[in-house]
Amino acid sequence: MAHFAEIDSNNIVLGVNVINNEVLDPEGTGTEDEALGIAKCKALWGEDTEWVQTSYNNNFRKQFAGKGFWFDAANNVFIGKQPFESWTLSEDYVTAESIDEWVPPSPHPDPTAYDQYWWHEPSQTWVNQE
């Protein structure tokens, strides 16, 4: 199955829909044509909608799109939601692993114990859960 993300005018993902692979490769050549999938999405959900194919296996466009993600058209990648208002995109967000896309204002106190701390946005500090 092929997956297509519907995006709004700000390139924010509204949702992801599934299109049968046969739509993208009607001749069975093994080569998908994204434009055919986009045309099918527009036929099903409206000509005024915008669609971008996304990879469930993260084979292209960095990662699988999700509702609220942002499509960076200039770099042809999907970027996850900003976890907190104070966090900024890392300088290498295009190539970084998903977990490294957003950077807090202060570094994590113990990178080996991510689940021991949580981010407190009002104080913009890491809080130890113990």
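Rules used in this analysis
- Residues numbered from 1 in each chain as written.
- Predicted model: local features only at pLDDT ≥ 70, side-chain atom pairs only at ≥ 80, totals over all residues.
- Heavy atoms only, no water.
- Salt bridge = Lys/Arg side-chain N within 4 Å of Asp/Glu carboxyl O.
- Helix = DSSP H or I, 4+ residues; strand = E, 2+ residues; numbered from the N terminus.
- Buried < 20%, exposed > 50% of the residue type's maximum accessible area, 1.4 Å probe, protein only.
- Pairing = 2+ DSSP bridges.
- Patch = residues over 30% accessible without salt bridge, like charges linked within 9 Å, V, L, I, M, F, W, Y side chains within 5 Å.
- Areas by Shrake-Rupley, 256 points an atom, 1.4 Å probe, with all protein chains shown as cover.
- Lys, Arg positive; Asp, Glu negative; His and termini not counted.
- Charge placed at Lys NZ, Arg CZ, Asp CG, Glu CD.
- Contact = heavy atoms within 4.5 Å.

### A short note on the pattern of salt bridges
- Going through the model one piece at a time under the given rule, you end up with three salt bridges.
- One salt bridge in this structure joins Glu34 and Arg61, with 3.0 Å as the shortest N-O distance. A residue pair is termed long-range when its members are at least 10 positions apart, and Glu34 in helix 2 (residues 34-45) and Arg61 in the loop between strand 3 (50-54) and strand 4 (70-72) qualify at 27 residues.
- The buried category is assigned to Arg61, whose relative accessible area is 14%.
- The closest approach of N and O atoms between Lys62 and Glu101, which form a salt bridge, is 3.6 Å.

### Considering the pairing of strand 8 (residues 117-120)
- Every second residue of strand 8 is oriented toward a common face, the buried set being Tyr117 and Trp119 and the non-buried set Trp118 and His120.
- The sheet contact formed by strand 8 and strand 9 (residues 125-128) spans four bridges and is antiparallel. Each bridged residue has a counterpart across the sheet, and for Trp118 the counterpart in strand 9 is Val127.
- As consecutive antiparallel partners, strand 8 and strand 9 are separated by four residues, and within that stretch Gln124 has a phi angle of approximately 50 degrees, a positive value.

### A look at the pairing of strand 2 (residues 13-19)
- The sheet contact formed by strand 1 (residues 2-7) and strand 2 spans six bridges and is antiparallel. Paired with Glu6 across the bridge in strand 2 is Gly15.

### Topic: a negative patch on the surface
- Taken together, the side chains of Glu91, Asp92, Glu97 and Asp100 make up a negatively charged region of the molecular surface.
- Examined against the element boundaries, Glu97 turns out to sit in the loop between strand 6 (88-89) and strand 7 (102-103).

### Remarks on the environment of Val23
- With respect to the helices, strands and loops of the structure, Val23 is situated in helix 1 (residues 21-24).
- Under the relative-accessibility criterion, Val23 is labelled partly exposed at 26%.
- Placed 91 residues apart in sequence, Val23 and Tyr114 show a C-alpha to C-alpha distance of 43 Å.
- Discounting residues that sit within four places of it in the chain, Val23 has contacts with Leu36, Gly37 and Lys40.

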